[in-house]
Amino acid sequence: MTAVRLPQEFPSRTAFRSALRSSVRPVLCLLPLALVIVVAVRHRSVLTEGFHHLATAQWPWLVAAAAATCGTWVAAAVTRQGAVMERLPLRRLLATQVAAGAANHLFPTGLGASAVNLRFMTVCGVPLARSSAALALYLLAESIARVSLLAGLLIAFPGALRLGGLLPDGAVGPLLLGGAVVLCVAAAALLLIRRVRTAVFGFLRTALGEARSVHTRPVRALALWGGSLAFPALQAAGLVAVGMALGLPVPAAYMVVAYLAATVAVALVPTPGGIGSVEAALIIALVAAGGPVAVATAVVLAYRIITVWAPLLPGALTLGALVRLKVI
């Protein structure tokens, strides 16, 4: 039987896919910038009020807050490197963290940054299963470090948060009950649905193997846990600096406790970058730490301008550039 040849004018499947990617990539490069504009327009009142408070602040403290924010990118890069055995290219790794920060504020919390870093590790040659395991190890280490810092500070400063007047009567019981119900549903799904059980156990085996490999190299383990501790500490330091800039009458240690407690509380809220939920939780926590409501609100708005809105545009541009250069 004679093979049928396509006419020369019909492109091959590979050429068609290549042309499609070439046409889609410029759109993907501009997408982060478009999302920044949309989010900024939706929250323009918050931006206006935040910049108004910044105009009355002490600038040296604001510079310190901006430096702490930039330091979080370095801490994140160190932690990402510590979670994987392969040596990642340093400059591209750091640029990826800047882009991941923007992606994290444009998409539901954690998904944007995770997608950017997962793609980056895959492009760097790390297999997808091990990239996912490294991502899970990073999230686990950062969560443990954040909760450990909070627990240690609460032990050192037991009076840092006074939540008695902020929680409605009888609210603790329903919250605990709701958490127990969620855990029971997750356990039931794990036990009763075979596909879920197989996928979860397979992933856990890969993740545990990656964790063992990382901890056999002291340099990787130090980077993983040192960066995980430095990341929330630098975030909290930024809040302290803004609080000093606006004259918040709360001790620095209490502000750190308030920040850690607020971020732990909103960790599971699926809003882009925690926008809205983080502000509310931070204000409540600062008031619980002894700050006046008006000043606490001003501090939180100014802090979010420095840590979220100001880095959003350069982060989105970096994200677009990394997509264009095929780094991610």
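Not measured: the values here are computed from a predicted model. (Residues numbered from 1 in each chain as written. Predicted model: local features only at pLDDT ≥ 70, side-chain atom pairs only at ≥ 80, totals over all residues. Heavy atoms only, no water.)

(A) Local environment of a nonpolar patch on the surface. Nonpolar side chains collect at one region of the surface, where Leu 191, Leu 192, Ile 193, Val 196, Val 200, Phe 201, Leu 204 and Leu 208 lie side by side and expose about 730 Å² of accessible area between them. For the nonpolar patch, the secondary-structure elements that each account for two or more residues are α7 (172-192) and α8 (194-215). Broken down by element, the nonpolar patch gets its largest block of residues, five residues, from α8. Within the secondary structure, Leu 208 is located in helix α8. (Patch = residues over 30% accessible without salt bridge, like charges linked within 9 Å, V, L, I, M, F, W, Y side chains within 5 Å. Areas by Shrake-Rupley, 256 points an atom, 1.4 Å probe, with all protein chains shown as cover. Salt bridge = Lys/Arg side-chain N within 4 Å of Asp/Glu carboxyl O. Helix = DSSP H or I, 4+ residues; strand = E, 2+ residues; numbered from the N terminus.)

(B) Quick peek at the pattern of salt bridges. Applying the stated criterion to the full structure yields three salt bridges. Ionic pairing is found between Glu 86 and Arg 130, a salt bridge with its closest N-O pair at 2.7 Å. With Glu 86 in the loop between α3 (59-82) and α4 (90-106) and Arg 130 in helix α6 (residues 128-156), this pair connects stretches of sequence that are 44 residues apart. On the basis of relative accessible area, Arg 130 is assigned to the partly exposed category, the value being 22%. (Buried < 20%, exposed > 50% of the residue type's maximum accessible area, 1.4 Å probe, protein only.)

(C) Expanded view of the nonpolar core. In terms of nonpolar packing, the biggest core is built from 43 residues, with Leu 161, Leu 239, Val 242, Tyr 259, Leu 282 and Leu 286 touching the most fellow members. Contributions of two or more residues to this core are made by α3, α4, α9 (218-245), α10 (252-265), α11 (277-288) and α12 (293-324). Counting residues per element, this core draws most heavily on α12, at 10 residues. Setting aside anything within four residues of it in sequence, one finds Tyr 259 in contact with Arg 146, Pro 232, Gln 235, Ala 236, Leu 239, Leu 282 and Tyr 303. (Core = buried A, V, L, I, M, F, W, Y, C linked by side-chain atoms within 4.5 Å. Contact = heavy atoms within 4.5 Å.)

(D) View of empty space enclosed by the protein. All told, the structure shown has one cavity of 30 Å³ or more when counted by the stated rule. Approximately 50 Å³ is the volume found for the largest cavity. As for the largest cavity, its lining consists of Arg 80, Ala 83, Leu 88, Leu 93, Asn 117, Phe 120, Met 121, Ala 134 and Leu 135. Breaking the lining of the largest cavity down by element, the ones donating at least two residues are α5 (111-123) and α6. Of the residues forming the lining of the largest cavity, the biggest block, three residues, is contributed by α5. (1 Å grid on protein atoms, 1.4 Å probe; cavity = no way out; pocket = protein on both sides within 12 Å on 5 of 7 lines; lining within 4 Å. Points joined across faces, edges and corners; volume = space filled by probe spheres on them.)

(E) Structural view of the packing of α3 against α4. Running from N to C, α3 and α4 point in directions that differ by 120 degrees, and their axes come no closer than 9 Å. In terms of orientation, α3 and α4 fall into the oblique class. Considering how the two elements wind past one another, α3 and α4 form a crossing that is right-handed. Counting all contacts with α3, which are made through Trp 73, Val 74, Ala 76, Ala 77, Arg 80 and Gln 81, the residues of α4 involved are Leu 93, Leu 94, Gln 97 and Val 98. Classifying every residue of the contact of α3 with α4 gives seven nonpolar, two polar and one charged. (Axes fitted to C-alpha atoms, helices over the stretch in contact; angles between N-to-C directions. Parallel < 35°, antiparallel > 145°, perpendicular 65-115°, else oblique. Left-handed = near helix turned anticlockwise from the far one by under 90°. Nonpolar A, V, L, I, M, F, W, Y, C, P; charged D, E, K, R; others polar.)

(F) Up close: the confidence of the model for the protein chain. Averaged over all residues, the pLDDT of the protein chain is 79; the fraction at 70 or higher stands at 74%. Contacts for the low-pLDDT stretch residues 165-169, under 50 throughout, to residues beyond four places or in other chains number three contacts. (pLDDT = per-residue confidence, 0-100.)

(G) Structural detail: unusual backbone geometry. Backbone geometry at Lys 326 places phi at a positive 65 degrees, although glycine is not the residue there. By the element assignment, Lys 326 lies in the segment after α12.

(H) Expanded view of α9. Relative to the 40 Å expected for 28 residues at 1.5 Å per residue, α9 spans 39 Å between its end C-alpha atoms, a close match to the ideal helical length. Just downstream of α9, Gly 247 is the residue with a positive phi angle, here 70 degrees. (Expected span 1.5 Å × (residues − 1).)

(I) Looking closely at the packing of aromatic side chains. A complete count under the given rule lists two aromatic pairs for this structure. Between Phe 157 and Tyr 254, the aromatic rings sit 6.2 Å apart at their centres with planes inclined by 70 degrees, giving edge-to-face as the arrangement. Taken as a pair, Phe 157 in the loop between α6 and α7 and Tyr 254 in helix α10 lie far apart in primary sequence, 97 residues in all. A residue is classified by how much of its surface remains accessible, and Phe 157, at 31% relative accessible area, is partly exposed. Taking 6.1 Å as the distance between ring centres and 75 degrees as the angle between the ring planes, the aromatic pair formed by Tyr 259 and Tyr 303 counts as edge-to-face. Of this pair, Tyr 259 sits in helix α10 while Tyr 303 is found in helix α12, placing the two residues 44 residues apart along the sequence. The exposure class assigned to Tyr 259 is buried, which follows from its relative accessible area of 4%. Over the aromatic face of Tyr 138 sits the side chain of Arg 80, whose NZ or CZ is 3.6 Å from the ring centroid. (Phe/Tyr/Trp six-rings, centres within 6.5 Å; stacked < 30°, edge-to-face > 60°. Lys NZ or Arg CZ within 6 Å of the ring centre and 35° of its normal.)

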